Amino acid sequence: MIGERLVRKAAASRGFLKVAPHVVPALDRAVHRLSGGRLLLSAQMLPGAILTSTGARSGLPRRTPLACMPQEDGWLLVGSNYGRTDHPAWTYNLLRHPAAEISWKGRDIPVTARLLTGAERAAAWRELLEFWPPYATYQERVDRELRVFRLTAS
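Described below are features of the structure shown in this document. (Residues numbered from 1 in each chain as written. Predicted model: local features only at pLDDT ≥ 70, side-chain atom pairs only at ≥ 80, totals over all residues. Heavy atoms only, no water.)

A word on the overall build of the chain
So, point 1. Per the secondary structure count, the chain includes 5 helices and 7 strands.
So, point 2. The linear arrangement of helices and strands in the chain, starting from the amino end, is α-α-β-β-β-β-α-β-β-α-α-β.
So, point 3. Residues classed as buried in the chain amount to 43% of the 154 residues present.
So, point 4. Of the contacts formed within the chain by residues at least 6 apart in sequence, a portion of 65% connects residues at least 24 apart. (Helix = DSSP H or I, 4+ residues; strand = E, 2+ residues; numbered from the N terminus. Buried < 20%, exposed > 50% of the residue type's maximum accessible area, 1.4 Å probe, protein only. Contact = heavy atoms within 4.5 Å.)

See the structure below:
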C-alpha cells in the first residue's frame, strides 16, 4: 500500500509532470515494440495500451502510449496531457476520426471512440478519480476540462 501511495504522489509532482511527457511515451513505445506488444513500462503504475488513431490533419496513423482504465465493455481514456495546458493531439484525432485501434496485452483490437459529456462524463470522472487520484491534480492545473473518451470494440 505504501508503494502505491508513493507512486501516486510522485505522479502528481511538478518534477514528474515536467519530465514524464518527454520520457515516458518514448520508453513505452520502445518497450512495447521490443516485447511484441505485450508490455508497457508505464503499466507498472497504471494499465496501459497503445492507441493507433488517424491524424486529424495528416490522415496518417499515430501511435500513442496511454494509461487507460479497462472496463467490461471497453476502456476509458483521459486527455490529461500530464496536466499541461493543451489537449493532447490524440484527442483531436479521435474527435475527427473515432475509428481507431488499441493494442491491449499483445492484441490489436479495432475500437470506436466516443467523447463523454454531461452526466455520463461526470460518472466516468468519479470512477477515474477512484482509479487514479492524480487525475484531480492534473485537472486543477489547467483551465480546460480534461477530455474523457470511452473506447468500445468495433
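Some remarks on the pattern of salt bridges
So, point 1. In the structure shown here, the tally under the stated rule is 3 salt bridges.
So, point 2. Between Arg-114 and Glu-120 there is a salt bridge; the shortest N-O distance is 2.8 Å.
So, point 3. We note a salt bridge from Glu-120 to Arg-150, for which the minimum N-O separation is 3.9 Å. Remark: Arg-150 occurs in strand β7 (residues 148–153) and Glu-120 occurs in helix α4 (residues 118–131); sequence separation between them is 30 residues.
So, point 4. By relative accessible area, Glu-120 is classed as partly exposed at 32%. (Salt bridge = Lys/Arg side-chain N within 4 Å of Asp/Glu carboxyl O.)

Some words on helix α3 (residues 89–96)
So, point 1. If you check which residues of α3 are buried, you get Trp-90, Thr-91, Asn-93 and Leu-94. Buried residues of α3 fall within an arc of 155 degrees about the axis and therefore sit on the same side. The outward face of α3, more than 90 degrees from its buried face, is lined by the exposed residues Ala-89 and Arg-96.
So, point 2. The inward-facing, buried residues of α3 contact β1 (48–54), β2 (61–67), β4 (74–78), β5 (99–104), β6 (107–115) and β7. (Arc of directions from axis to C-beta.)

A word on the nonpolar core
Nonpolar side chains tend to gather and get buried jointly when the protein is soluble and globular.
So, point 1. Judged by nonpolar contacts, the single largest core of 16 residues is most densely connected at Leu-51, Trp-75, Leu-77, Leu-94 and Leu-151.
So, point 2. In this structure Leu-94 touches Leu-51, Ser-53, Ala-100, Ala-113, Phe-149 and Leu-151, once residues within four positions along its chain are discounted.
So, point 3. In this structure, Met-69, Leu-76, Tyr-138 and Val-142 belong to the second largest nonpolar core, which totals 14 residues. (Core = buried A, V, L, I, M, F, W, Y, C linked by side-chain atoms within 4.5 Å.)

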